[in-house]
Each structure stands twice: as structure tokens, then as C-alpha cells.
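The chain contents come next:
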Amino acid sequence: MTFRAGVVGLGGHGFRHCTAYGRAEGVAVHAVADCSESALQRAAEELPDARRFDTWRDMLAETELDVLSVVTNGPSHAEIVLAAVEAGVPRIFCEKPFATSVGDAVK
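Procedures and definitions
- Just so you know, the residues in each chain are numbered from 1, in the order the chain's sequence is written.
- In keeping with the model being predicted, local features are shown solely for residues with a pLDDT of at least 70 and side-chain atom pairs are shown and tallied solely at 80 or more, while totals for entire chains, interfaces and linings include all residues.
- Heavy atoms from the whole structure form the basis of all side-chain values; hydrogens and water molecules are not counted.
- Throughout, exposure labels follow a simple rule: accessible area from a 1.4 Å probe, protein chains only, divided by the maximum for the residue type, with under 20% read as buried, over 50% as exposed, and the rest as partly exposed.
- Numbering goes from the N terminus for both helices and strands, where a helix is a DSSP run of H or I of at least four residues and a strand is a run of E of at least two.
- Pairs of strands are assigned from DSSP output, requiring at least two bridges between the strands.
- The directions considered for the arc run from the helix axis to the C-beta atoms.
- The criterion used for residue contact is that any of the two residues' heavy atoms lie within 4.5 Å.
- Take the residue count of a helix, subtract one, and multiply by 1.5 Å to get its expected span.

1. Thoughts on the pairing of strand β4 (residues 67–70)
Okay, step 1: Side chains of β4 alternate between two faces, with V67 and S69 and L68 and V70 buried alike.
Okay, step 2: Of the strand pairs in this sheet, strand β1 (residues 3–8) and β4 are connected by four bridges, and their pairing is parallel. In the strand pairing of β4, G6 is matched with L68.
Okay, step 3: When β4 meets strand β5 (residues 92–94), the two strands line up parallel, connected through three bridges. What sits directly across from L68, in β5, is I92.

2. A short note on helix α2 (residues 37–46)
Okay, step 1: The complete set of buried residues in α2 reads A39, L40 and A43. The buried residues of α2 all sit within an arc of 95 degrees when viewed along its axis, so they share a single face. Facing away from the buried surface of α2 by more than 90 degrees, the exposed residues are E37, S38 and E45.
Okay, step 2: Looking at the buried positions of α2, the neighbouring elements they touch are α1 (12–23), β2 (27–33) and β3 (51–53).

3. A look at α1
Okay, step 1: A rise of 1.5 Å per residue sets the reference length of α1, with its twelve residues, at 16 Å; its end C-alpha atoms lie 17 Å apart and thus fit the reference within 8%.
Okay, step 2: Within the sequence span of α1, burial applies to G14, F15, H17, C18 and Y21. All buried residues of α1 project into a common sector of 150 degrees when viewed along the axis, lining one side. The outward face of α1, more than 90 degrees from its buried face, is lined by the exposed residues R16 and R23.
Okay, step 3: Where α1 is buried, its residues touch β1, β2, α2, β4 and β5.

What follows is the structure in C-alpha cells.
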């Protein structure tokens, strides 16, 4: 089985997650999402087999993932992680902090 990985956020750390997945046996970067056109262009060059999305919502709605890395800015983490759980993603890695308020942390 090959794990289908997704990465939300294609800054420096996001591309590090992509590289790590690419080096792991049995894992393929299946989809990436970022609102930056230049980040998506870089992904097209470096990850030609990955589907590219300009919103993480579209990525979660249109792909089936086995693992997701959330590598966006801190205030967006909780919303993305909760949506990924609802979408059925069984394994989620979230850069810290996973939430920026107590309210988000207890959801």
C-alpha cells in the first residue's frame, strides 16, 4: 500500500514535509494546497504528480488522503485539522501550535 499524503501550506516547512514524504518508502505526495500562485507553480515543478489546489477545502473535498500535514500559519491550524478529521483523514500532522485559543483547543 502506498500512503497518499497531502500538505496544506507550501512555505519552507511545507516543502520540507513534501521532501520527507517523497523520501519515505510507501508514501507519495498526492495533493498540496496553498493560496499562493508562486508556491503552486513551484509545486508543479517539484511535485509534478501531485494534485494542486488553491484552497485546502477543495483539496479535502476532492481527494482521499491517508495522511495530512498542516503547515500553515498558527491561527488556521485548528480549523484545518477539524475539517480534516470530518473529511476522514486518519493521520494528521500539525505544526505547532495546534490551536491559538483555548476555545479552539477544546473543540
